Amino acid sequence: MSWASRAAANILPLSREQDDLAAALHEWRYTGDYHDLETPREDCELCEHADIRHQFEIKNLHTANTLLVGSECINRFNIAATDEEGRTLDADDTRKKIAKDRRKLIDDARRRRLVKALVALAHVDKAFNIHSFIDYLQKRDAFMPMQVSTLLWRFDRLAIDHNPRDFKLTIKRSREKAQLEKMSEWQIKRLLPCLSPSQRAYIEREGLLPQT
Ligand SMILES: [Zn+2]
């Protein structure tokens with residue numbers, strides 16, 4: 001069965017239109033509700049694509065039936081999204097909304113992993129002041145270079161599961177720049193996975209990391 005016939009078999013019984021897939025799809029809207037299952041483990045309820053991690057809810061305007069589907073399916077079947085006032089968005093704005101919601105899901109997951117690693121560290125390292133770090137994460141969503149350097153060192157030393165790419169660094173203020181300038185080469189090298197492309201360019205420009 002093709003993805004279109006699978007979709008028809010799944011969506012027609014839940015729609016007012018009973019025969020024509022394209023007509024039935026017009027009755028459905030992306031509601032703006034989405035979930036992160038943390039691991040890819042569900043099937044798309046529309047096309048039956050396996051191992052969906054991010055579920056997006058679509059709802060029928062007439063029957064109020066709902067389905068949890070992958071974001072690709074919403075784009076592929078041209079299902080329109082609605083804005084906060086319930087107005088239907090055009091194809092362009094729908095795509096933008098879905099991309100934005102996907103980014104938010106990914107970013108929220110990143111923050112959850114970070115908090116989990118910080119809590120694990122606080123359990124084994126009593127000298128570690130977790131509150132100031134959580135505070136920083138909530139207020140700025142980014143850490144100063146010395147904070148990240150210290151954290152990565154502690155995570156490695158105490159074998160705490162973490163992903164350096166989950167960190168965001170801020171090097172806007174002079175205090176933060178001064179911290180980088182005082183660091184040794186191995187410390188800066190350790191920060192590289194956390195840096196954005198423009199931050200890497202800054203480090204190269206300032207000659208903080210000799211070219212290898
Ligand atoms: Zn699908």
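Residues numbered from 1 in each chain as written. Predicted model: local features only at pLDDT ≥ 70, side-chain atom pairs only at ≥ 80, totals over all residues. Heavy atoms only, no water.

Asks: Break down the pattern of salt bridges for me, with residues and values.
Replies: Between side chains of opposite charge, a pair can form when the charged atoms approach closely. Evaluation of the coordinates by the stated rule reveals 24 salt bridges. In this structure, R110 engages D141 in a salt bridge whose closest nitrogen and oxygen atoms are separated by 3.1 Å. One end of the pair, R110, is in helix α4 (residues 91-124); the other, D141, is in the loop between α5 (130-140) and α6 (145-157), and 31 residues separate them in sequence. Comparing R110 with D141 shows no difference in burial state: the two are buried. (Salt bridge = Lys/Arg side-chain N within 4 Å of Asp/Glu carboxyl O. Helix = DSSP H or I, 4+ residues; strand = E, 2+ residues; numbered from the N terminus. Buried < 20%, exposed > 50% of the residue type's maximum accessible area, 1.4 Å probe, protein only.)

Asks: Can you lay out the coordination of the zinc ion for me, pointing to particular residues and giving the numbers?
Replies: The protein atoms donating to the zinc ion are C44 (SG), C47 (SG) and C73 (SG), with metal-donor distances spanning 2.2 to 2.3 Å. You can call C73 buried: its relative accessible area is 3%. (Donors = N, O, S within 2.8 Å, 3.2 Å for Na, K, Ca; no water.)

Asks: So, the packing of α4 against α6: which residues are in play, and what are the values?
Replies: Two elements in contact, α4 and α6, have axes whose closest approach is 11 Å; the angle formed by their N-to-C orientations is 65 degrees. Where α4 crosses over α6, the handedness of that crossing is left-handed. Packed against α4, whose contacting residues are A117, L118 and L121, the element α6 presents L151, R154 and F155 at the interface. In terms of residue class, the contact of α4 with α6 is made up of five nonpolar, no polar and one charged. (Axes fitted to C-alpha atoms, helices over the stretch in contact; angles between N-to-C directions. Left-handed = near helix turned anticlockwise from the far one by under 90°. Contact = heavy atoms within 4.5 Å. Nonpolar A, V, L, I, M, F, W, Y, C, P; charged D, E, K, R; others polar.)

Asks: Any chance you could break down the packing of aromatic side chains for me, citing the residues and the numbers?
Replies: Evaluated as defined, the whole model comprises eight aromatic pairs. Ring geometry for W3 and F77: centres 5.2 Å apart, planes at 75 degrees, overall edge-to-face. Taken together, the positions of W3 in helix α1 (residues 3-11) and F77 in the loop between α3 (71-76) and β4 (80-81) put the pair 74 residues apart, joining distant regions of the chain. For W3, a relative accessible area of 39% translates into the label partly exposed. (Phe/Tyr/Trp six-rings, centres within 6.5 Å; stacked < 30°, edge-to-face > 60°.)

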